[in-house]
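Listed below, chain by chain, are the residues.
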Amino acid sequence: MKYNIDYILTGLAVAAIGGGALALSAHSSTTASSVATQFTANDTAVFDRNFEIADRNCDVGYAAQKLCFERTALEDRIEVGEMFPETMYPLALEWRANLALERKAENLKTVRIGQSIILMERDTRMVVDKMDLSGQRHADADTTAAG
């Protein structure tokens, strides 16, 4: 039995296309358990507290990337269940910090205002969740829980 080179090349091409299609479908399919719609305790643990950057203390931030988050009065205007204020531009969370967070649903955008991380719907700007990273507020919460 003699194999023709055309049959061999055609077989390899079909195998490559089939393998690529399987790999693409496996990569693009998501399960409900791997996509979050709110912040978790693991998300809170991503950020560092009380560390030094350039000879000054930083209450909260991302030490590995030398990011220090400063408190601002604007973050107090943002409430879960309400629209993100029209007068504020929702800047995305710094990408290196965002990579460390658990994966969120595609229709949600993660933004940072001061020491708060906000999860909002991309289309409607509705605030779905808010995570306050303030070191002092976490200390107060721990003291209240222990007391």
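These numbers were taken from a predicted model, which means no experiment stands behind them.

Q: So what's going on with the overall build of the protein? Residues and values would help.
A: Tallying secondary structure elements over the protein gives four helices and six strands in all. The 147 residues of the protein split such that 29% are buried. The contacts in the protein between residues at least 6 apart in sequence include a share of 50% that link residues at least 24 apart. Put simply, the protein shows about 9,800 Å² of open surface, and 56% of that area lies on carbon and sulfur atoms.

Q: Can you lay out the pattern of salt bridges for me, pointing to particular residues and giving the numbers?
A: In a structure, side chains of opposite charge can pair up when their charged atoms sit close to one another. Evaluated as defined, the whole model comprises seven salt bridges. A salt bridge links Arg71 to Asp132; its shortest N-O distance comes to 4.0 Å. Highlighted residues: Arg71 in the loop between strand S3 (67-68) and helix H3 (95-100) and Asp132 in strand S6 (residues 127-132), separated in sequence by 61 residues. Residue Arg71 is classed as partly exposed on the basis of its relative accessible area of 33%. Taken together, the salt bridges that share partners define one network made up of Arg71, Glu75, Asp76 and Asp132.

Q: Could you give me a rundown of the layout of surface pockets, with the residues and numbers involved?
A: The space that makes up the largest pocket amounts to roughly 280 Å³. Lining the largest pocket are 14 residues; nearest its centre among them are Asn98, Lys104, Leu108, Thr110 and Arg122. Secondary structure elements with two or more residues in the lining of the largest pocket: H3 and strand S4 (108-113). Partitioning the lining of the largest pocket into residue classes produces six nonpolar, two polar and six charged.

Q: Summarise the environment of Ser134; cite the residues concerned and give the values.
A: The topology assignment puts Ser134 in the loop between S6 and helix H4 (135-146). Ser134 sits 20 residues away from Gly114 along the chain, and the two C-alpha atoms are 9.3 Å apart.

Q: How would you sum up the packing of aromatic side chains? Please name residues and give values.
A: Counting across every chain of the model gives two aromatic pairs. Seen from their ring centres, Phe47 and Tyr62 are 6.5 Å apart, and the 65° between their planes marks the pair as edge-to-face. Residue Phe47 is located in the loop between helix H2 (41-46) and strand S1 (48-53), and its partner Tyr62 is located in strand S2 (residues 56-62); the two are separated by 15 residues in the primary sequence. Judged by relative accessible area, Tyr62 falls into the buried class, the value being 14%.

Q: How would you explain the confidence of the model for the protein if you had to name every residue and give the values?
A: With 73% of its residues at a pLDDT of 70 or more, the protein has an overall mean of 79. Across the protein, the secondary-structure element scoring lowest on mean pLDDT is H4, at 45, and the one scoring highest is strand S5 (residues 116-121), at 95. Segment residues 29-33 is flagged for pLDDT under 50; beyond a separation of four residues in sequence, or across chains, it makes two contacts in the model. Residue range residues 137-147 is modelled with pLDDT below 50. Its contacts to residues more than four positions away, or to other chains, number seven contacts.

Q: Break down the environment of Leu74 for me, citing the residues and quoting the values.
A: Following the sequence through the fold, Leu74 ends up in the loop between S3 and H3. Here Leu74 falls in the partly exposed class, since its relative accessible area comes to 39%. For the pair Leu74 and Ser116, spaced 42 residues apart in the sequence, the C-alpha separation amounts to 9.8 Å. In this view, Leu74 contacts Met88 and Ile113; residues no more than four positions away in its chain are not counted.

Q: Any chance you could break down the pairing of S1 for me, citing the residues and the numbers?
A: Relative to S2, S1 is paired through five bridges, and the arrangement is antiparallel. Among the inter-strand pairings, Glu52 is bridged to a residue of S2, identified as Asn57. With antiparallel pairing between neighbouring strands as the criterion, S1 and S2 make up a hairpin whose turn holds two residues, including Ala54 at a positive phi of roughly 50°.

The rules behind the values
- Along each chain, the written sequence defines residue order, and numbers are assigned to residues from 1.
- Restriction of local features to residues with pLDDT of at least 70 applies here, the model being predicted, together with a cutoff of 80 or more for giving and counting side-chain atom pairs; totals for whole chains, interfaces and linings are based on all residues.
- Each side-chain value is derived from all of the structure's non-hydrogen atoms; neither hydrogens nor water enter the calculation.
- Only DSSP runs of H or I reaching four residues or more are called helices, and only runs of E reaching two or more are called strands; each is numbered from the N terminus.
- Under the scheme applied here, a residue whose accessible area is under 20% of the maximum for its type counts as buried, over 50% as exposed, and between as partly exposed, the area being computed with a 1.4 Å probe on protein chains only.
- Only heavy atoms matter for contacts: two residues are in contact if any of them lie within 4.5 Å across the pair.
- A 1.4 Å probe and the Shrake-Rupley method give the accessible areas. Residues count as covered only by the protein chains that appear here.
- Salt bridge, as used here: a side-chain nitrogen of Lys or Arg that lies within 4 Å of a carboxyl oxygen of Asp or Glu.
- Using a grid of 1 Å spacing that covers the protein atoms alone, one calls a set of points a cavity when a 1.4 Å probe fits there but cannot get out, and a pocket when the set is open and has protein on both sides within 12 Å along at least five of seven lines; lining residues are those with an atom within 4 Å of a point.
- Grid points are joined across faces, edges and corners, and a volume is the space filled by probe spheres set on the points.
- Amino acids outside the nonpolar list (Ala, Val, Leu, Ile, Met, Phe, Trp, Tyr, Cys, Pro) and the charged list (Asp, Glu, Lys, Arg) are all regarded as polar, and Gly is one of them.
- We call Phe, Tyr and Trp rings a pair once their centres come within 6.5 Å, taking the six-membered ring for Trp, and we label the pair stacked below 30 degrees between planes, edge-to-face above 60, and tilted otherwise.
- The quantity known as pLDDT measures the predictor's confidence residue by residue, on a range of 0 to 100.
- One requirement defines pairing of two strands: DSSP has to find at least two bridges between them.

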